[in-house]
Amino acid sequence: MRYWPLVSVLALMFLVSGVMAVEYIAHDITVLIPYSGDIRITEVYQVKLNSTEKTTWENILSNATVNDLISLGTGPSFTVPIRDYHVSYVMGSGGFAQITLQYTTDSLLHKVEDKGTSEVLELVGTDTVFQKDGKFELPLRPATQLTVEFPRGYRLADIPQPNPTEQRVIAQLPGYLGEFYEYTWRGPLSSEGFKLVFERDKPIQTQFSLQGLIEDLKYRFGNPLYAAAAVIVIVLAFWYRKQIIELLKEAFAEEPVIEEEEEE
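Residues numbered from 1 in each chain as written. Predicted model: local features only at pLDDT ≥ 70, side-chain atom pairs only at ≥ 80, totals over all residues. Heavy atoms only, no water.

A. Fine view of the sheet that holds strand S7 (residues 131-132). Pairing is antiparallel in the open sheet, where three strands are placed in the order S7-S8-S13. Sheet topology places S7 and strand S13 (189-191) at the edges, where each strand pairs with a single neighbour. Here three bridges tie strand S8 (residues 135-138) to S13, and the two strands are oriented antiparallel to one another. In the strand pairing of S13, Phe136 is matched with Ser191. (Pairing = 2+ DSSP bridges. Helix = DSSP H or I, 4+ residues; strand = E, 2+ residues; numbered from the N terminus.)

Pasting the structure below:
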């Protein structure tokens with residue numbers, strides 16, 4: 001009878017191991033910030049499945065939605081709106097599987113300062129699932145790493161928080177011109193927050209485009225309604241510029257007449 005406690009513990013361990021069929025081994029996130037266009041994010045999950053879970057995961061991953069990926073624990077690590085997502089997976093031997101999620105977003109960089117021909121932007125941890133209760137944490141299990149790649153022409157406007165685990169210069173990325181900086185943070189990591197701030201020159205076409213004007217107004221006014229109202233006023237002024245010029249001419253033309261009448 002004295003062996004029953006040991007038998008019970010072993011039985012419980014067996015049951016728990018059966019329930020915890022999915023083992024999350026590694027999670028790599030790469031954020032690619034190009035000179036122009038949307039940010040591209042690639043997330044790679046390494047997991048270990050038993051035979052039952054393997055069949056279930058294959059059925060789900062063959063036509064997975066974002067919600068399906070979240071339910072599997074392999075969803076996007078960013079909480080901003082995303083689009084153009086694509087999922088692929090490889091089932092290896094021994095129950096090992098690799099799930100790759102790719103998507104784009106235009107909501108990850110936040111403008112903090114406008115300097116005319118340049119702007120200061122930041123990437124913050126509050127847009128990730130790793131920021132909770134005032135802490136930014138990358139876990140050890142699964143082994144998690146976050147990599148941010150951005151053009152070398154971007155200038156750091158502040159010290160990265162926290163300091164990256166590794167940093168290097170990449171001579172060339174496929175499909176992109178010029179050199180890129182690559183900053184990597186590896187878990188286990190705990191920080192008061194995550195912030196990467198840099199200044200970049202605005203593209204010429206952005207500086208003189210309607211979209212660039214709208215973005216500047218959104219930043220300056222804060223409230224999108226005020227920005228929209230300002231754009232409407234500018235457009236109306238452009239449409240009726242001839243009438244406005246004539247009115248101004250008439251207004252200034254009357255001043256000499258009034259002066260002459262006063263002299264008489």
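Okay, back to it.
B. Summary view of the packing of aromatic side chains. According to the stated counting rule, one finds 14 aromatic pairs in the structure shown. Between Trp185 and Phe194 the ring centres are 4.8 Å apart and the planes differ by 75 degrees, which places this aromatic pair in the edge-to-face class. The residues Trp185 and Phe194 share a single accessibility class, namely buried. (Phe/Tyr/Trp six-rings, centres within 6.5 Å; stacked < 30°, edge-to-face > 60°. Buried < 20%, exposed > 50% of the residue type's maximum accessible area, 1.4 Å probe, protein only.)

C. Spotlight on the pattern of salt bridges. Scanning all chains against the criterion turns up 14 salt bridges. Across the pair Glu119 and Lys111 runs a salt bridge, and its minimum N-O distance is 3.3 Å. For the salt bridge of Lys115 with Glu199, the shortest nitrogen-to-oxygen distance reads 3.4 Å. Linking Lys115 in the loop between strand S5 (110-114) and strand S6 (118-124) with Glu199 in strand S14 (residues 195-201), this pair joins segments that are 84 residues apart in sequence. Under the relative-accessibility criterion, Glu199 is labelled buried at 16%. Through salt bridges that share partners, Lys111, Asp114, Glu119, Arg200 and Lys202 make up one connected network. (Salt bridge = Lys/Arg side-chain N within 4 Å of Asp/Glu carboxyl O.)

D. Region of interest: unusual backbone geometry. Looking along the chain, the bond that leaves Arg141 and enters Pro142 is cis, with omega of 0 degrees. Here the bond from Gln161 into Pro162 is cis, since omega is -10 degrees, no more than 30 degrees from zero. Relative to the elements of secondary structure, Pro162 occurs in the loop between strand S10 (155-156) and strand S11 (166-170). Phi is positive for Asp84, which is not a glycine, with a value near 55 degrees. Notably, Asp133 is not glycine yet its phi reads approximately 55 degrees, a positive angle.

E. Region of the structure containing the sheet that holds strand S1 (residues 23-32). Spatially, seven strands are ordered S3-S4-S2-S1-S9-S12-S11 in an open sheet, and the strand pairing comes out mixed. Since the sheet does not close on itself, it has two edges, and those belong to strand S3 (83-91) and S11, each with one partner. Direction aside, neighbouring strands of the sheet carry axes that sit 15 degrees apart on average. In the sheet, S1 pairs with strand S2 (residues 39-48) via nine bridges, with the strands oriented antiparallel. Pairing of Thr30 across the sheet is with Thr42, part of S2. (Axes fitted to C-alpha atoms, helices over the stretch in contact; angles between N-to-C directions.)

F. Expanded view of the pairing of S3. By the bridge criterion, seven bridges tie S3 to strand S4 (residues 96-105) in an arrangement that is antiparallel. If you follow Val87 over to S4, its bridge partner there is Leu101. Once S3 ends, the chain turns through four residues before running back antiparallel as S4, passing Gly94 with a positive phi of about 75 degrees.

G. Main features of the side chain of Asp127. Following the sequence through the fold, Asp127 ends up in the loop between S6 and S7. Nearest to the buried, unbridged Asp127 among oppositely charged side chains is Lys195, at 11 Å. In this structure the side chain of Asp127 is engaged in a polar contact, spanning 2.6 Å, whose partner is the side chain of His110. Those residues within four positions of Asp127 in sequence are excluded, and the remaining contacts are Ser77, Phe78, Thr79, Val80, Ser107, Leu108 and His110. (Lys, Arg positive; Asp, Glu negative; His and termini not counted. Polar contact = N/O pair within 3.5 Å; in protein donor to acceptor, adjacent residues only side chain to side chain. Contact = heavy atoms within 4.5 Å.)

H. Fine view of the nonpolar core. With 38 residues, the main nonpolar core has Val31, Ile33 and Phe78 as its most contacted residues. Those residues within four positions of Phe78 in sequence are excluded, and the remaining contacts are Ile29, Val31, Ile41, Glu43, Tyr103, Leu108, Asp127, Thr128 and Leu146. (Core = buried A, V, L, I, M, F, W, Y, C linked by side-chain atoms within 4.5 Å.)

I. Local environment of the confidence of the model for the protein. Averaged over every residue, the pLDDT of the protein is 81; residues scoring 70 or more account for 70%. This model gives residues 1-20 a pLDDT under 50, and the stretch forms one contact once residues within four places in sequence are excluded. (pLDDT = per-residue confidence, 0-100.)

J. Examining the environment of Leu173 more closely. Structurally, the position occupied by Leu173 is in the loop between S11 and strand S12 (180-186). In this structure Leu173 comes out as buried when scored by relative accessible area, which is 11%. In this structure Leu173 touches Leu32, Glu149 and Phe180, once residues within four positions along its chain are discounted.

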